[in-house]
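# A look at the structure
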Amino acid sequence: MTKQRRFVEPALLGSVFVIATSGLVYELVSGTLASYVLGDSVTQFSLVIGLYLFAMGLGSYLSQFLEGRLIDRFVEIELGVALVGGLSAPLLFRTYAVQGAFRPLLYGLVVITGTLVGLEIPLLLRLLKFSLDMKELVARVLGLDYVGALVASLLFPTLLLPHLGIHQTSLLFGFLNAAVAFATTFLFPIERERLVRLRVECVLVLMLLGSGFFVVTRFVDRFEAQYFGAPIVYSMQSPYQRVVVTQSPRQTRLFLNGQLQFSSDDEYRYHEVLVHPAVAALGREPRRALVLGGGDGLAVRELLRYPSIEHIDLVDLDPAVTDTFRSLPLAKALNLGSLDDPRVTVRNMDAYKFLEEPGTAVDLALVDFPDPGNYAVGKLYTDTFYRLLRERVGVRGVVVVQATSPQYARESYWCVVTTMEAAGFVTAPFHAYVPSFGEWGFILAGAEGTAPPTALRIDPSQLKYLDAAVLPSLFSFPRDLGRVEAPVNRLNDQALVATYTREWAVWTR
Amino acid sequence: MQRRAFLSAVAGGWVASSVLPDRRPVHGRIMGASHSVGHALRGNDARPAALNPADIDAALPGREIAAPAPFPDRTDVLIVGGGASGLSAAWRLAALGVESVVCELEPFVGGTSTYGTAGASAHPWGAHYLAAPNPEARAALRLLREMGVVTGWDAAGRPMFDGRHLCHAPEERLFYAGEWWQGLVPVDALTADEREEMRRFRSIADEWTTRIGSDGRPAFDIPVRLSSKDPDVLALDRRSFAEWLTANRFTSPFVRWYVRYAVLDDYGGEPETISAWAGLHYFAARKLKSQELLGSHFLVWPEGNGRLIRELCERSQANVYTNALVTSLTEERGSVRATVLNAYTGERRTIEARAAVLAIPAFVASKITRIGGAPWPKRTASPWVVANLHTGWPANPDLPWDSVLFDAKGLGYVHAQHQQTVVTEQPVVTYYRAYGDADVAGARQSLLAKPWIALAEEIIADLMPAHPHIRDEVERMDIMVWGHAMPRPEPGFLGSDPFAGSPLISERIAWAHVDQAGIALFEEAQDRGVRAAEAVAPLVGKDPGETWL
């Protein structure tokens, strides 16, 4: 019995340390999340810290009402902290992504965690009071409590957040709490039937948090959050690509296979120049339009500003993207629900296949594919593809193509121009500065006589970037972006993929 | 107690999964060329075991016509053999308005260009690409033009192609020294000597490509009958390609492997067993070098050359009878009589025709006609194994069409869905292995005796270096054993009078098969089929008019 005692004291003091560390970690997790998502980090941290300390006080106060079977209570409270604290980050993210009640959940979790942690220290004091005298007990327990807080506050910004990410940090400390609970069941004499129940509960919680640590957040968190530079509020792997939506205080961003597609900060620039110069070049009211790629619905949003639009076919290969932008509230707020407009038909099919099948001629075709970084996407930048596109728009239609950056990938950009010309288009290349991307290139194209438009067909008050003065400037290229010799991109060599990869490697090294 | 049970269960599972070898069963079966039926021809009048209908794969072309249909009593032209030559003859005759009947021994059409449709994608069961034909291969170009693959001719008279049918990039990769390299030559991994030898080999091949013989013809051409008869060029046929390589100091392991891979792929023979003329023909016969072909000059379809077979069938509206084994063919009083065995029912029937085209290899043709003095060349036929692997691989946009493993036994695999614009999961890949050494009879016997599992294990072992988990990744593997896949152009195969002769072997019977040329190329088969059709057309009262050749 005395021998066992010798282990019990250090073990319990050790658990004080773990509890103190994890308590502060949960507090930091909540504060960080709140400032990421809601912005205004001073207010958020101040609220979280205040609430948390208050809740701890509340817990300490309530501890006086706990009587009998203190060990059982301690184990159960510890498991409660493990669950609530451990799952706090994933829960909060999920809630934010689906636009649930984020604030009530955040403050609720802070209060619950604080209260449970507040209950524990007095309970531990009561458990230890038989082996240590009061003076020594208070000194050691409170001392360790504050050391634990220091360790947590040092570890969190330096090691935990950068290397584990917010999900795994939260789950890891939950797991540690549950481990403390589990260890406690071995140190104290507990009645057999209650012992079994407690241990089963411990194992269940450990398994839940442990599997959560390894499965749920393995890819999302550690690697991607670092890579994307902001928390991920939505991510999924479709058969074609990985779709990631991130959120920081200022902006929502979409990544496909790690490649930035838009940032809510400046996407209006990109989509205004994609759509409105083409409509202007059409020289008549646009009625039927075709959008290839662009499953985010942002180009469609711009098109729908023209009351003359009767029908838009949006062809995007990946239902994961179009479904996300039809259902995720965050995304619908950006595209104004354009994909659900009755004039829009979403077709989840290969754009190549769509053009090969017979279809009605369109006034406008907007081509907004990801950059030609692999051979599958590269096929959509070949002469064969542009021939099919030319058949679809006929002699009266206008085409606009996003064609990567003439600044970062100058030869690639002009390769697309050369290829479109080889397919029989007359082109009017243009570019615009989109801060998230840099200088970005587009190609307006059509039959003989296609030329840069001189006047917009929309009132600039509806727009944020384009107006009559900016429009002509888009079509003028400074010397360092100007035309260079480039080969025709054909299906059987896809020179563009190699050129593009080589050119971008310089900038992403 | 519970905890212990839990832990021991976990530990037990771990032990089982790490110690016991994982033998997840791969499913599949042997499809195949009907050896038992074909071998009935060996005995005089032996009756083969009737085919079991269940053995006929619904996914093979011609299955819908495999049901016992009564053979017709008579027709204008009887075509024996439903491969590329026979169907090309039917295609030519249909254009002249001549009625023909095609009798095919197998339950499927297409011969070694046949294909399957089971699973996620159509896939080849044999020949899987057509290199952009030379302008002289006019029959092949006519078919491609009808298909829309050739879109027209440029100012220099060269055919232009619809880019959708040329092999999309990336075309090929090589597994060499433990990793995949783009292209078949891993330049960065070779020694300086190997690179230099490779460069020298290419420059010699280029010289031969443009060389014109003393008779004004190109040294090598396709169809081969258009090649030069310059004795200096023909002298190459007197020795093996291996001897030529050694004599020209091509000795580095990589270059020898590269050349071996190429000739095995086209001729089913090792450099030691094929003629140096044929070896150089492989590297120097393709003359078309237009801008659009710089990327790849291979025409590729999911079902391989099965696409061409389908088109020939459709365009000729041929009356094809499968499971129809012609056991004898005789000529008397201005007509031709064939005895045809329905391998499905065992029933025999006589078909009378005004003329016949024998579109079958020499060793079979000689057995059923017994025409004295007919010019049957003695050909060695290489055995092949073709397997279709239905994989569970994830979508990979950069998976090339052709994947080759350095120093493997087989020739690697091609990806059936490569030309699709959509990236597909679970690709179907077709594995090839040619048995190229001298002992073809031994190889054939051993292959035909092997059960499916033995063949499948050999294929898995062959791919293992590049795909360590291939056993777990293959859902299904069907295997076709081709006992006599293609003629092998052995030294001396051109004979004493190369490229000569009429297709007619008697008054009313023409022979059309790649055995005549000794090289199994689609253009060659077409050339022979069309030539035979034009030779028999006057016998049924039709003027063939301007030749398609």
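The model shown is predicted, which means the values in this text are computed figures rather than measured ones.

### Considering the confidence of the model for chain A
- Chain-level pLDDT for chain A is 88 on average; 94% of the residues reach the 70-or-more range.
- When mean pLDDT is taken per element in chain A, strand β9 (residues 398–402) of chain A scores highest with 98 and helix α8 (residues 218–228) of chain A scores lowest with 53.

### A closer look at the sheet that holds strand β6 (residues 311–315) of chain A
Residue and element names in this part refer to chain A.
- On the basis of which strands lie adjacent, the open sheet formed by seven strands has the order β7-β6-β5-β8-β9-β11-β10 and mixed pairing. Across the chains shown, the open sheet's two edge strands, defined by having one partner strand only, are β7 (344–347) and β10 (426–434). Strand after strand, the sheet turns through a mean of 15° between neighbouring axes, direction not considered.
- In this structure, strand β5 (residues 288–293) lies alongside β6, joined through five bridges in parallel fashion. Across the sheet, residue R288 finds its bridge partner in β6, namely H311.
- The strands that helix α9 (residues 267–282) touches are β8 (364–368), β9, β10 and β11 (438–446); relative to β8, the one it contacts most, it runs at about 155°.

### A few points about the sheet that holds strand β4 (residues 259–263) of chain A
All names here are of chain A.
- Pairing in this open sheet of four strands is antiparallel, and the strands run β1-β2-β3-β4 from one edge to the other. Two strands lie at the open edges of the sheet, namely β1 (232–237) and β4, each paired on one side alone. Looking at each pair of strands side by side, their axes are set apart by 15° on average, direction ignored.
- Alignment of strand β3 (residues 252–256) against β4, held across four bridges, turns out to be antiparallel. Paired with L254 across the strands is F262, a residue of β4.

### Digging into the domain arrangement of chain A
- Each assigned domain of chain A is listed with its residue range as follows: domain 1 (3–228), domain 2 (232–261) and domain 3 (266–508).
- In this structure, domain 1 of chain A and domain 3 of chain A have C-alpha centres spaced 51 Å apart.

### Considering the packing of helix α5 (residues 192–210) of chain B against helix α9 (residues 276–284) of chain B
All names here are of chain B.
- Remark: α5 packs on α9, axes separated minimally by 8 Å, with the N-to-C direction vectors making an angle of 90°. Here α9 runs roughly perpendicular to α5, going by the angle between their axes. Side by side, α5 and α9 meet where F201, A205, W208 and T209 of the first sit next to L280, F283 and A284 of the second.
- For the contact of α5 with α9, the class distribution of residues is six nonpolar, one polar and no charged.

### Description of the interface of chain B and chain A
- Listed by partner, the interface residues are 27 residues for chain B and 23 residues for chain A.
- Of the roughly 2000 Å² buried where chain B meets chain A, counting both sides, 59% is carbon and sulfur surface.
- For chain B, the biggest contributors to the area lost against chain A are R164(B), A169(B) and T421(B); these three give 30% of the whole.
- Remark: the boundary between chain B and chain A carries one salt bridge.
- For the salt bridge of E356(A) with R164(B), the shortest nitrogen-to-oxygen distance reads 2.7 Å.
- Considering each element in turn, the side of chain B that touches chain A owes the most residues, three residues, to helix α1 (residues 2–19) of chain B.

### Observations concerning the packing of aromatic side chains
- For the structure on display, the rule yields 44 aromatic pairs over all chains.
- For the pair W440(A) and W504(A), a centre-to-centre distance of 6.3 Å together with 50° between the ring planes defines the contact as tilted. Of the two residues, W440(A) is situated in strand β11 and W504(A) in helix α18 (residues 495–508); the sequence distance between them amounts to 64 residues. Of the two residues examined, W440(A) and W504(A), each falls in the buried class.
- Between W384(B) and Y432(B), the ring centres sit 6.2 Å apart and the planes meet at 85°, which makes this aromatic pair edge-to-face. You can see W384(B) sitting in strand β16 (residues 380–391) and its partner Y432(B) sitting in strand β19 (residues 428–434), a full 48 residues away along the chain. Across this residue pair, the class does not change: W384(B) and Y432(B) are buried.
- An aromatic cluster of three or more residues is present, and its members are Y176(B), F201(B), F241(B), W244(B), F250(B), F254(B), W257(B), Y258(B), Y261(B), Y282(B), F283(B) and F406(B).
- The ring of F186(A) carries the charged tip of R199(A) above its face, separated from the ring centre by 3.9 Å.
- Over the face of the ring belonging to W548(B) we find R92(B), whose NZ or CZ atom lies 4.1 Å from the ring centre.

Rules used in this analysis
Positions within a chain are numbered from 1, following the residues in the order the chain's sequence is written. Written order determines the labels here, with chains lettered from A and ligands numbered from 1. The predicted nature of this model means local features are confined to residues of pLDDT at least 70 and side-chain atom pairs, given and counted, to a pLDDT of 80 or more, with totals for whole chains, interfaces and linings taken over all residues. Heavy atoms from the whole structure form the basis of all side-chain values; hydrogens and water molecules are not counted. As a per-residue quantity, pLDDT reports the predictor's confidence and falls between 0 and 100. Starting at the N terminus, helices and strands are each numbered in turn, a helix being any DSSP run of H or I of at least four residues and a strand any DSSP run of E of at least two. We call two strands paired when DSSP finds no fewer than two bridges between them. A fitted line through C-alpha atoms serves as each axis, taken over the contacting stretch for helices, and the angle formed by two N-to-C directions is quoted from 0 to 180°. Contacts are residue-level and defined by heavy atoms, with any inter-residue pair within 4.5 Å sufficient. Reported domain spans reflect what an automatic or database domain assignment gives. Roughly parallel here means an angle under 35 degrees, roughly antiparallel means over 145, roughly perpendicular means 65 to 115, and every remaining angle is called oblique. In this classification, Asp, Glu, Lys and Arg are treated as charged, Ala, Val, Leu, Ile, Met, Phe, Trp, Tyr, Cys and Pro as nonpolar, and every other residue, Gly included, as polar. Put simply, buried area is the surface a 1.4 Å probe can reach on two separate parts but cannot reach once they are joined, added for both. By convention in these notes, a salt bridge is any Lys or Arg side-chain nitrogen within 4 Å of a carboxyl oxygen on Asp or Glu. Each aromatic pair joins two rings of Phe, Tyr and Trp (for Trp, the six-membered one) with centres within 6.5 Å, and gets the label stacked for planes under 30 degrees apart, edge-to-face for over 60, and tilted for any other angle. Only protein chains enter the area calculation, which uses a 1.4 Å probe; residues under 20% of their type maximum are buried, those over 50% are exposed, and those in between are partly exposed. Charge over a ring is defined by NZ of Lys or CZ of Arg lying within 6 Å of the ring centre and within 35 degrees of the ring normal.

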